[in-house]
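Examining the three-dimensional arrangement
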Amino acid sequence: MTGRRNAKIAAVLAVVALLVVAQRLGILAQFHDPAQVKQSLVALGGWGYVVFIVSYALLQPFGIPGTVFVVAAALIWPWPVAFALSMVGTMAASVVGFSFARFVARDWIEERIPARFRRYDEALSRRALPTVVVLRFVFWMPPLLHAFFGVSKVRFSTHFWGSLLGYVVPLLAMSYFGEKLFGRLANVAGSTWAGVAALAVMLGVFIWLLRRRRTSRTREVEAPAVNPES
């Protein structure tokens, strides 16, 4: 029991040390922007493949967005190479995140899983493989989803193959269209982004007001009638 606890502490310390060193060396700052990632990997030549996969696997489960790596791969390499590297890196990151949550932080992470993932826990117990495929297809690779699968009862093999199937279409699309999409987004004027943000805020407020109105009506309907003679 003590040996397992010490192993968990060692794993946590290793992750903390990794993040501290990466922050001190400026690696975390570079891996927040696909353009910077591209510049760094191109400068490495043939070692870029190895650095891409290792960095993806070790940094993405602990906070660096996976889309940064996927878009960077599409900017650097032809789409078949970008797709292959993105699949390997994404699967490696998923395995690392899953394994870390299951071995080290199952109790701690389970208390912090968002409600939108908790509702799938029952589905995992009944239809594990299709549920993993759907969640990976919809949400991709957020660290909390790695953690959710890690603290769930889903088997490692089910998580691995379900994730692989769920990633294929999104990563293929990003690898094929990523460079064109990134180029078009980079040329969008700031005023356009401001308009999109304002529209999103207005839409969010409208949905919130609509839900609040429906909730009020539901409460009025469900409220018991008051007997005037009572």
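Numbers given to residues run from 1 along each chain, matching the order in which its sequence is written. Owing to the predicted nature of the model, reporting of local features is limited to residues with pLDDT of at least 70; listing and counting of side-chain atom pairs is limited to 80 or more, with chain, interface and lining totals taken over all residues. The basis for every side-chain value is the complete set of heavy atoms in the structure, and neither hydrogens nor water enter the calculation.

A word on helix 4 (residues 48-59). Runs of E in the DSSP output that reach at least two residues are strands. Runs of H or I that reach at least four are helices, and both are numbered from the N terminus. The length a helix should cover is 1.5 Å for every residue beyond the first. Across its twelve residues, helix 4 extends 16 Å between first and last C-alpha, which sits within 8% of the 16 Å expected from 1.5 Å per residue. Turning to helix 4, its buried residues number three or more, namely Gly 48, Phe 52, Ser 55, Tyr 56, Ala 57 and Leu 59. Residue burial is assigned from relative accessible area. The probe radius is 1.4 Å, only protein chains are included, and a residue is buried under 20% of its type maximum, exposed over 50%, and partly exposed in between.

Time to look at the nonpolar core. Note that soluble globular proteins tend to have their nonpolar side chains buried in a common cluster. Definition used in this section: a nonpolar core is a set of buried Ala, Val, Leu, Ile, Met, Phe, Trp, Tyr and Cys residues joined via side-chain atoms within 4.5 Å. Core analysis: the biggest nonpolar cluster contains 25 residues, and Phe 52, Tyr 56, Met 141 and Leu 171 have the highest contact counts within it. Counting only elements with at least two residues in this core, the list comes to helix 3 (34-43), helix 4, helix 5 (66-76), helix 6 (79-103) and helix 12 (156-186). Take this core: its biggest share by element is seven residues, from helix 5. Only heavy atoms matter for contacts: two residues are in contact if any of them lie within 4.5 Å across the pair. Leaving out residues up to four positions away in the same chain, Tyr 56 has contacts with Pro 61, Gly 66, Phe 69, Val 70, Ser 86, Gly 89, Thr 90, Ala 93 and Met 141. With eight residues, the next largest nonpolar core counts Leu 135, Leu 145, Phe 149 and Val 154 among its residues.

On to a nonpolar patch on the surface, then. Patch construction takes residues with relative accessible area above 30% that form no salt bridge. Like charges are linked within 9 Å, and nonpolar side chains (Val, Leu, Ile, Met, Phe, Trp, Tyr) are linked within 5 Å. Residue-level accessible areas treat just the shown protein chains as cover; the underlying method is Shrake-Rupley with a 1.4 Å probe. Salt bridge, as used here: a side-chain nitrogen of Lys or Arg that lies within 4 Å of a carboxyl oxygen of Asp or Glu. A cluster of nonpolar side chains, Leu 44, Trp 47, Tyr 49, Val 50, Val 54, Leu 58 and Val 81, forms an exposed patch at the surface whose accessible area comes to about 620 Å². In this structure, Leu 58 sits in helix 4. Classification of Leu 58 by relative accessible area gives partly exposed; the value is 35%.

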